[in-house]
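What follows is each chain in one-letter form.
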Amino acid sequence: MSAVRNADLHCHSTVSDGLLAPASVVWRAHANGVDLLALTDHDELGGLAEARAAADEVGLRFVDGVEISISWGDDQTVHIVGLGIDPGNAALQDGLRRIRGGRDARAERMAEELAKVGIPGAYEGALRYAGNRALISRSHFARYIVERGHARDVKSVFDHWLAKGKPGYVSHAWATLEDALAWIVSAGGTAVIAHPGRYRLSAAQRMELFGAFKDLGGKGIEVLSGSHGPDETREFASIARRFGFLASRASDFHGPGESWIDLGKMPPLPDDLTPVWSVL
Ligand code: AMP
Ligand code: MN
Ligand code: MN
Ligand code: MN
């Protein structure tokens, strides 16, 4: 793909846990100067048609994407982004429907745990923030907990209640790495490891994850991510060189005021890396 100046290949809409509707995400990206955008809602393809139509209208190049939740190793949650997937692919659709299916029961358990620590009504409260009933997420709980005045922002809700090891955290079996890669590959997409700096893995576990991902047909890694600082960008640039991964540039934007970085506002990729959009 030629002459891409400002790619953003990871963001969310109200179809998962973003704050803006798919078309609004596209308009904001366009206004911010993004010239290649992927919408990558969690475990959902339902926003892609609206986003693509909006992108066509404003003349923004658009890539169909998804961010798949997987369980890996010792109860770690890892996210794998699929780019350039066919949203009509049955294996991908069925797989995602299956992993979405566990979210509602998980949410009920989270609400029970939160009630025990003095936050009642969290299931109904979170549901009010969920644009898609099938995709109730910890982000929706976080917004409700902020609304109730228990924390000043979404980030501190995670630190106190929703991160692994905190009272409202309920462990959950997502897809396997093998499943996610098989679905993405079968849908003609390119698999990318999302925000590798976010996982609490030892150096050895990280290498194991990258190796397993590559063996299963994984192609890329987010070098630039809204959740990476400069040190992590350098670290994952070096991982990309070592494993021969394509490099992605990814805000992981969820909404104004809630995200670390706005759409398209990341620095450029180190120029010796091969951008993932060269194969999209
Ligand atoms: P879930 O898929 O329901 O487990 O929710 C995961 C989502 O919660 C992620 O995609 C982020 O949007 C959000 N999240 C996870 N950890 C944090 C954090 N420490 N601060 C803010 N948001 C977070
Ligand atoms: Mn999210
Ligand atoms: Mn993620
Ligand atoms: Mn994301």
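## Overview of the nonpolar core
Ranked by size, the top nonpolar core spans 67 residues in total, and within it L37, I68, I70, I80 and I221 carry the most contacts. No other element matches the 6 residues that strand β3 (residues 61–72) contributes to this core. Contact partners of L37, with chain neighbours within four places excluded, come to D8, L9, C11, V26, A29, L60, R61, F62, V63 and L263. Counting residues in hydrophobic clusters, the runner-up holds 21 residues, among them A107, Y123, F141 and Y144.

## Some points on the coordination of the manganese ion (ligand 3)
Coordination angles at a metal have ideal targets, namely 109.5 degrees for four tetrahedral donors and 90 or 180 degrees for six octahedral donors. Summarising the metal site, the manganese ion (ligand 3) is bound by the protein donors E67 (OE), H79 (ND1) and H195 (NE2), whose distances to it range over 2.1 to 2.2 Å. Counting along the primary sequence, the residues that act as donors to the manganese ion (ligand 3) give the motif E-x11-H-x115-H. Here the manganese ion (ligand 3) and the manganese ion (ligand 2) are spaced 5.4 Å apart. Of this pair, H79 sits in strand β4 (residues 76–83) while H195 sits in the loop between β5 (190–193) and α9 (203–215); the two residues are 116 residues apart in sequence, bridging distant segments of the chain. The same class applies to H79 as to H195, namely buried.

## Here we look at the sheet that holds strand β7 (residues 246–250)
An order of β1-β2-β3-β4-β5-β6-β7 is seen for the 7 strands of this open sheet, with the pairing classed as mixed. Both outer strands of the open sheet, β1 (7–8) and β7, are each paired with one neighbouring strand and no more. In the sheet, strand β6 (residues 220–225) pairs with β7 via 5 bridges, with the strands oriented parallel. Across the sheet, L224 pairs through a bridge with R249, a residue of β7.

## Side note on the site of ligand 1
Every residue lining ligand 1 is accounted for by D17, H42, R103, R106, S137, R138, S139, K155, F158, R198 and H254. S139 places a side-chain nitrogen or oxygen 3.4 Å from an oxygen atom of ligand 1. Taken together, the residues that form the shell around ligand 1 break down as 1 nonpolar, 4 polar and 6 charged.

## Description of the coordination of the manganese ion (ligand 2)
Those protein atoms acting as donors to the manganese ion (ligand 2) are D17 (OD), H42 (NE2) and H254 (NE2), and they sit at 2.1 to 2.2 Å. Binding-site remark: the manganese ion (ligand 2) is held by donors from one chain whose sequence spacing is D-x24-H-x211-H.

## Considerations on helix α5 (residues 122–129)
Three or more residues of α5 are buried, namely A122, Y123, G125, A126 and L127. The elements touched by buried residues of α5 are α4 (103–116) and α6 (138–147).

## Quick word on the pairing of β7
Burial within β7 is extensive, with 5 of its 5 residues counted as buried. Of the two faces of β7, the one holding L246, S248 and A250 and the one holding A247 and R249 are both buried throughout. Tracing the backbone out of β6, into helix α10 (residues 230–243) and back to the parallel element β7 gives a crossover that is right-handed.

## So, the pairing of strand β2 (residues 36–39)
Successive residues of a regular strand alternate their side chains across the two faces of the sheet. Every second residue of β2 is oriented toward a common face, with L36 and A38 on one face and L37 and L39 on the other, all of them buried. Regarding the hand of the β-α-β motif, the stretch spanning β1, helix α1 (residues 22–31) and β2 is right-handed. In the sheet, β2 pairs with β3 via 4 bridges, with the strands oriented parallel. Paired with L39 across the two strands is D64, which belongs to β3.

## Observations concerning the side chain of D252
Inspection of the secondary structure assignment puts D252 in the segment after β7. For D252, the side chain forms a polar contact with the side chain of H12, separated by 3.0 Å. Residues contacting D252, with those up to four places away along its chain left out, are H10, C11, H12, E67, H195, R198 and S259.

## Topic: the packing of aromatic side chains
For the coordinates displayed, the defined rule picks out 5 aromatic pairs. Arranged with centres 5.7 Å apart and planes meeting at 70°, the rings of F213 and F245 form a pair that is edge-to-face. Of the two residues, F213 sits in helix α9 while F245 sits in the loop between α10 and β7, which places them 32 residues apart along the sequence. The class for F245 is buried, based on a relative accessible area of 4%.

## A word on unusual backbone geometry
Even without glycine at this site, D75 takes up a positive phi of about 60°. With respect to the helices and strands, D75 occurs in the loop between β3 and β4. You can call D75 partly exposed: its relative accessible area is 30%. Positive phi values are uncommon outside glycine, yet H195 reaches one of about 25°.

Calculation criteria
Residues numbered from 1 in each chain as written. Chains lettered and ligands numbered in written order. Predicted model: local features only at pLDDT ≥ 70, side-chain atom pairs only at ≥ 80, totals over all residues. Heavy atoms only, no water. Core = buried A, V, L, I, M, F, W, Y, C linked by side-chain atoms within 4.5 Å. Buried < 20%, exposed > 50% of the residue type's maximum accessible area, 1.4 Å probe, protein only. Helix = DSSP H or I, 4+ residues; strand = E, 2+ residues; numbered from the N terminus. Contact = heavy atoms within 4.5 Å. Donors = N, O, S within 2.8 Å, 3.2 Å for Na, K, Ca; no water. Pairing = 2+ DSSP bridges. Near = heavy atom within 4 Å. Polar contact = N/O pair within 3.5 Å; in protein donor to acceptor, adjacent residues only side chain to side chain. Nonpolar A, V, L, I, M, F, W, Y, C, P; charged D, E, K, R; others polar. Right-handed = clockwise from strand over helix to strand, strands pointing away. Phe/Tyr/Trp six-rings, centres within 6.5 Å; stacked < 30°, edge-to-face > 60°.

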